[in-house]
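Given next are the chains, with one letter for each unit.
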Amino acid sequence: MKVQDKLKGISRRDLFRLAGQYGMSSTLLAAGSFGGAMSLANLAQAAESTYEKRFAKEPKFTFKFGAAGFNQRNLLIERAGCLEFARDLESRTDGEIRVEFIGDNQICGQTSCVEKTQQGIVEIYAASTQNSAGGAPYLNVLDYAYMFPSRAAQYYFLYHPDSQKLLREPYEKRHGLKFLFSHAELRGIQLGLAWQDRDTVTSIEQLFGTKNRVTGTQLGRIAMQALNLNPVPVAWEETLDGLKQGLIDGAETWASAVAYANMSPVVSQSVDLRFFCGTEHTAMSASAFDSLGGELQDAVMESAYLAQVHVQAANEAALVNTVGASNPQGPNTIFAQNNVRVASLSAEEIKKAEEMCSPEFQPQLWEEWRERLNAWSGGLDTYQEIYNIAREIPVDTLAENVEPRRWWKA
């Protein structure tokens, strides 16, 4: 059942009224537990039951979870695992850890959640690594162009024991944050309504000279400049209007972000360029994690693992069944309903783009950032090591077939 149908009978006002009675976390956790359509009465009953279970005992630790623009509706479009993590952690610790989920940009947004966590305003956050790279620059390590050939390669790396030394440990040491889990997609160019009546893009030359919104990633800009995609920083609140009016040609992001952020009505073509990571991750304050005893730390890691496994399967299904990021598209998907065409590029076109912008073929473009990230990692060749790991599996491996591993237990 599509998310739109599942929540059709419940207004935003009713949701906030229930949240006022039972708390936003209990209401959202209850909503997330439904498999089919829910009525207001069903949700109220589930929220009350969830509230009673969660508040049956006094927690030893209460953590605020700032989840940028996420809410119970769009977490069923892009499956980022936030509510699954919170629900499992509370259950696994028998209420000793309570998680207060605060989404919808109420406490922090895509670019500010990382800093709010570093400041101790929240203990856990969810946002894209690219938007978080402003406050935690080591996250740029994921954004070398064409380092990952597929979503499967991204998940394989996230489960890999060497993700500890290449990503998680330097991130924690440098920024005081613990990388827990992440969704995985690859970014493309989402073209606005000015491209509605044009031919579907089949070659990268058709994109040359276009003007495109860029997120907070520094490495993403290098790739876009090399591809002649003219990256321009545009505030999120101006992006939708820019795509609608043709003030910008497109925006770099990934397919399910178009769907969950309500971009679909102003996007005409989703060009599957796959040129660097789109990773909506969840991380935790390292000091908050360190304040826990060994048993509760183990519980956090196991809940992060469960969330990672959930995201891997659920987001792959949602891309096809909910978003419509496929050729052909399902008729009831968000892309189909909004006339968003998926512009798939051939292997030859992807290779052409890779040769124009990747460190493999254009090393001089990346030297400064590569040296910086290598120094922060303690002297590792970050690009080459991640690149090699990403190619340990066949390039045609399906993302849902990547074997989960507990990355912290080498």
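This report concerns the structure included in the present document. (Residues numbered from 1 in each chain as written. Predicted model: local features only at pLDDT ≥ 70, side-chain atom pairs only at ≥ 80, totals over all residues. Heavy atoms only, no water.)

Structural notes on the overall build of the protein chain
For the protein chain, the count of helices and strands is 18 helices and 13 strands. Over its C-alpha trace the protein chain gives a radius of gyration of 21 Å, about what one expects of a compact globule, namely 22 Å for 410 residues. Taking the principal axes of the C-alpha coordinates as reference, the protein chain spans close to 60 × 50 × 35 Å. Evaluated residue by residue, the protein chain yields a buried proportion of 57% over its 410 residues. Considering only intrachain contacts with a sequence separation of at least 6, the fraction spanning at least 24 residues in the protein chain is 76%. Looking at the protein chain as shown, the accessible area adds up to about 16,200 Å², and 47% of this sits on carbon and sulfur atoms. Each charge class in the protein chain was averaged separately, 39 positive and 49 negative side chains, and the resulting centres sit 4 Å apart. (Helix = DSSP H or I, 4+ residues; strand = E, 2+ residues; numbered from the N terminus. Rg over C-alpha atoms; globule rule 2.2 N^0.38 Å. Buried < 20%, exposed > 50% of the residue type's maximum accessible area, 1.4 Å probe, protein only. Contact = heavy atoms within 4.5 Å. Areas by Shrake-Rupley, 256 points an atom, 1.4 Å probe, with all protein chains shown as cover. Lys, Arg positive; Asp, Glu negative; His and termini not counted. Charge placed at Lys NZ, Arg CZ, Asp CG, Glu CD.)

Brief notes about the state of the cysteines
Taken as a whole and assessed by the stated rule, the structure comprises one disulfide. A sulfur-sulfur separation of 2.0 Å characterises the disulfide bridge that pairs Cys108 with Cys113. Residues Cys108 and Cys113 are joined through a disulfide that is right-handed, its torsion about the S-S bond being 80°. Here the two residues Cys108 and Cys113 agree in accessibility, since each one is buried. (Disulfide = S-S within 2.5 Å.)

Quick notes on the side chain of Glu90
In this fold, Glu90 is placed in helix α5 (residues 82-92). Glu90 sits in the buried class, given a relative accessible area of 9%. Apart from the residues lying within four places of it in its own chain, the contact partners of Glu90 are Leu29, Arg54, Gly95, Ile97, Arg98 and Val99.

A few points about the sheet that holds strand β12 (residues 280-285)
Read across the sheet, five strands follow the order β2-β1-β3-β12-β4 without closing on themselves; strand pairing throughout is mixed. Two strands lie at the open edges of the sheet, namely β2 (97-102) and β4 (177-182), each paired on one side alone. This sheet shows a mean twist of 25° between the axes of neighbouring strands, independent of strand direction. Of the strand pairs in this sheet, strand β3 (residues 124-128) and β12 are connected by five bridges, and their pairing is antiparallel. If you follow Tyr125 over to β12, its bridge partner there is Ala283. (Pairing = 2+ DSSP bridges. Axes fitted to C-alpha atoms, helices over the stretch in contact; angles between N-to-C directions.)

So, helix α10 (residues 218-226)
For α10, the set of buried residues is Leu219, Gly220, Ile222, Ala223 and Met224. Those residues of α10 that are buried lie in contact with β6 (188-192), β7 (212-214), β8 (231-233), β9 (250-253), α16 (347-357) and α17 (367-376). The residue sitting at the N-terminus of α10 and contributing the capping side-chain oxygen is Thr217; that oxygen lies 3.3 Å from the backbone nitrogen of Leu219. Asn228, located one to two residues past α10, shows a positive phi value of around 60°. (Polar contact = N/O pair within 3.5 Å; in protein donor to acceptor, adjacent residues only side chain to side chain.)

A look at the pairing of strand β10 (residues 267-271)
Taken across its five residues, β10 has five buried, putting it largely inside the fold. Sheet topology note: the β6/β10 ladder contains four bridges and is antiparallel. Across the sheet, the residue bridging to Gln190 is Ser270, located in β10. With three bridges connecting them, β10 and strand β13 (residues 341-343) associate as parallel partners. Bridged to Ser270 within β13 is Val342.

Side note on the nonpolar core
Counting residues in each nonpolar core, the largest one holds 123 residues, and the members touching the most others are Phe85, Phe148, Leu273 and Phe275. Among the elements that take part in this core, helix α14 (residues 294-323) stands out by supplying 10 residues, more than any other. If we ignore the near neighbours within four places in the chain, the residues touching Phe275 are Tyr144, Ala145, Tyr146, Arg187, Gly188, Ile189, Ala223, Met224, Leu227, Leu229 and Glu252. Of all hydrophobic cores here, the second largest spans 10 residues; its members include Ile10, Leu15, Ala30 and Ala47. (Core = buried A, V, L, I, M, F, W, Y, C linked by side-chain atoms within 4.5 Å.)

Regarding the sheet that holds β8
Strand order in the open sheet formed by six strands is β8-β7-β9-β6-β10-β13, and the pairing between neighbours is mixed. Of all the strands in the sheet, just β8 and β13 have a single pairing partner and so form its edges. Along the sheet, successive strands turn relative to each other by an average axial angle of 35°, direction set aside. As judged from the two bridges shared by β7 and β9, these two strands associate in the parallel manner. Considered in β9, the bridge of Arg213 is made with Ala251. Contacts between helix α11 (residues 236-245) and the sheet are confined to β6, β7, β9 and β10, with β9 contributing the most and set at about 130° to the helix.

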